[in-house]
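Survey of secondary and tertiary structure
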Amino acid sequence: MGNYLAVRAAVCPVTDMDRAIEFYETKLGLQLQERKENRFACIKARDFEVWLFAAGYTPKTGVPFLVFRATSIEREYKRLSANGVNFNGEIASDSLGRVAYFIDSEGNTHELREG
């Protein structure tokens, strides 16, 4: 039997739910799917979800880390930079391909990978 698993969601703790939702909607261009007061929000990114939880919640897997895929990393890097996203340096290459890292509104580091 083949592997049919796909990543569905990742968890990010936030200290300011309104600010975090604004970052993901305005700067990354993603869509708010659900919100439960200031405790939880679900952000939709195609077939992937970002679950924002109020600070104090720690997932069992440890520190959150999201990987976003881009068909053209240069185009997305420029678009996100123009929207005010702060990258930790330029686009680099590693053993898996081309990659860039950025910080969200809550101080979480995420990855933009070409693929």
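Predicted model, so just to flag it, every value in this text is computed and none were measured. (Residues numbered from 1 in each chain as written. Predicted model: local features only at pLDDT ≥ 70, side-chain atom pairs only at ≥ 80, totals over all residues. Heavy atoms only, no water.)

Regarding its fold elements, the protein chain presents two helices and nine strands. When burial is assessed residue by residue, the protein chain has 37% of its 115 residues classed as buried. Of the accessible surface of the protein chain, which amounts to about 7300 Å², a share of 50% is contributed by carbon and sulfur atoms. (Helix = DSSP H or I, 4+ residues; strand = E, 2+ residues; numbered from the N terminus. Buried < 20%, exposed > 50% of the residue type's maximum accessible area, 1.4 Å probe, protein only. Areas by Shrake-Rupley, 256 points an atom, 1.4 Å probe, with all protein chains shown as cover.)

Once that is clear, we can look at the confidence of the model for the protein chain. With 86% of its residues at a pLDDT of at least 70, the protein chain reaches an overall mean of 84. Confidence scores differ between elements of the protein chain, with strand 5 (residues 67–70) showing the lowest mean pLDDT of 83 and helix 1 (residues 17–27) the highest of 97. Under a pLDDT of 50 for its full length, residues 1–6 has, in the predicted model, zero contacts with residues more than four places off or in other chains. Long-range and interchain partners of residues 59–63, a stretch whose pLDDT sits below 50, account for one contact in this model, where long-range means more than four residues apart. (pLDDT = per-residue confidence, 0-100. Contact = heavy atoms within 4.5 Å.)

So, about unusual backbone geometry. Of note in this structure, Glu-37 is not a glycine but carries a positive phi near 50 degrees. Classification of Glu-37 as exposed rests on a relative accessible area of 60%. A positive phi angle, near 55 degrees, is found at Arg-46, a position not held by glycine. Here Arg-46 is to be found in the loop between strand 3 (40–45) and strand 4 (48–54). A relative accessible area of 78% means that Arg-46 is categorised as exposed.

A few words on a nonpolar patch on the surface. A grouping of Phe-65, Val-67 and Tyr-101 is seen on the molecular surface, where their side chains present a nonpolar patch of about 240 Å² in accessible area. Relative to the helices and strands, Phe-65 is located in the loop between strand 4 and strand 5. Phe-65 gets classed as partly exposed once you look at its relative accessible area, which sits at 40%. (Patch = residues over 30% accessible without salt bridge, like charges linked within 9 Å, V, L, I, M, F, W, Y side chains within 5 Å. Salt bridge = Lys/Arg side-chain N within 4 Å of Asp/Glu carboxyl O.)

Let us look at helix 1. For an α-helix, 3.6 residues make a turn, and residues three or four places apart therefore share a direction. Inspection of helix 1 places Met-17, Ala-20, Ile-21, Phe-23 and Tyr-24 among the buried residues, and these make up the whole buried set. Across the axial projection of helix 1, the buried residues extend over an arc of 155 degrees, all falling on one side. At its buried positions, helix 1 is contacted by strand 1 (9–14), strand 2 (31–36), strand 3, strand 4, strand 8 (97–103) and strand 9 (109–114). Phi turns positive, to about 75 degrees, at Gly-29, one or two residues after helix 1. (Arc of directions from axis to C-beta.)

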